[in-house]
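Structural characterization, general
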Amino acid sequence: MIKKMELKGAQKKVDEFIKQFEEGYWPPLTMLACIIEEVGEVAREINHEYGHKPKRNKEKLQLKLEMGDLLFAMICLANYAKIDLDDALGQTMQKYGVRDKDRWTPKKR
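These notes cover the structure that comes with them.

**Comments concerning helix α1 (residues 8-18)**
- When α1 is considered as a whole, its buried residues turn out to be Q11, V14, D15 and I18. One face of α1 carries all of its buried residues, which in axial projection span an arc of 100 degrees. Among the exposed residues of α1, those pointing more than 90 degrees away from its buried face are K12 and K13.

Right under this line is the structure:
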């Protein structure tokens with residue numbers, strides 16, 4: 001049995017932030033475009049840090065911030081669709097735990 005995660009607090013904080021503005025949540029397709037944009041920015045940072053395209057000397061790595069932006073965008077879409085991310089991630093972990101339990105070599109304990 002997978003232990004319940006704690007994303008509910010993050011979903012509540014994002015919801016409180018978004019609901020303070022008249023515009024509220026964007027339509028789902030706009031949020032999806034934002035998620036894709038953020039994935040691209042995460043990819044760019046990973047390419048700079050681990051790939052063949054290092055940043056210039058004065059540029060700082062922003063992977064942490066870009067991942068935060070991506071998570072925020074994902075939470076927005078989940079909130080709009082009324083998806084409990086704790087449940088969603090729990091179901092995914094359960095699926096992987098069953099489907100992939102014999103896929104890789106376990107570490108020796």
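**Topic: the packing of helix α2 (residues 28-50) against helix α3 (residues 63-80)**
- In the contact formed by α2 and α3, the axes pass within 9 Å of each other and the chain directions differ by 160 degrees. One way to sum up the angle between α2 and α3 is to call them roughly antiparallel. For α2 against α3, the interelement crossing comes out left-handed. Of the residues in α3, those touching α2 at P28, M31, C34, I35, E38, V39, E41, V42, E45, I46, E49 and Y50 are L63, E66, M67, D69, L70, A73, M74, C76, L77 and Y80.
- Class assignment for the residues of the contact of α2 with α3 results in 16 nonpolar, no polar and 6 charged.

**Focus on the pattern of salt bridges**
- For the structure shown, the criterion picks out 8 salt bridges.
- Salt-bridge contacts for R103 lead to D100; the nearest nitrogen and oxygen are separated by 3.3 Å.
- R103 gets classed as exposed once you look at its relative accessible area, which sits at 55%.
- Judged by its relative accessible area of 12%, D100 is buried.
- Linked through salt bridges whose partners overlap, the residues forming this network are R44, E45 and K55.

About the cut-offs
Residues numbered from 1 in each chain as written. Predicted model: local features only at pLDDT ≥ 70, side-chain atom pairs only at ≥ 80, totals over all residues. Heavy atoms only, no water. Buried < 20%, exposed > 50% of the residue type's maximum accessible area, 1.4 Å probe, protein only. Helix = DSSP H or I, 4+ residues; strand = E, 2+ residues; numbered from the N terminus. Arc of directions from axis to C-beta. Axes fitted to C-alpha atoms, helices over the stretch in contact; angles between N-to-C directions. Parallel < 35°, antiparallel > 145°, perpendicular 65-115°, else oblique. Left-handed = near helix turned anticlockwise from the far one by under 90°. Contact = heavy atoms within 4.5 Å. Nonpolar A, V, L, I, M, F, W, Y, C, P; charged D, E, K, R; others polar. Salt bridge = Lys/Arg side-chain N within 4 Å of Asp/Glu carboxyl O.

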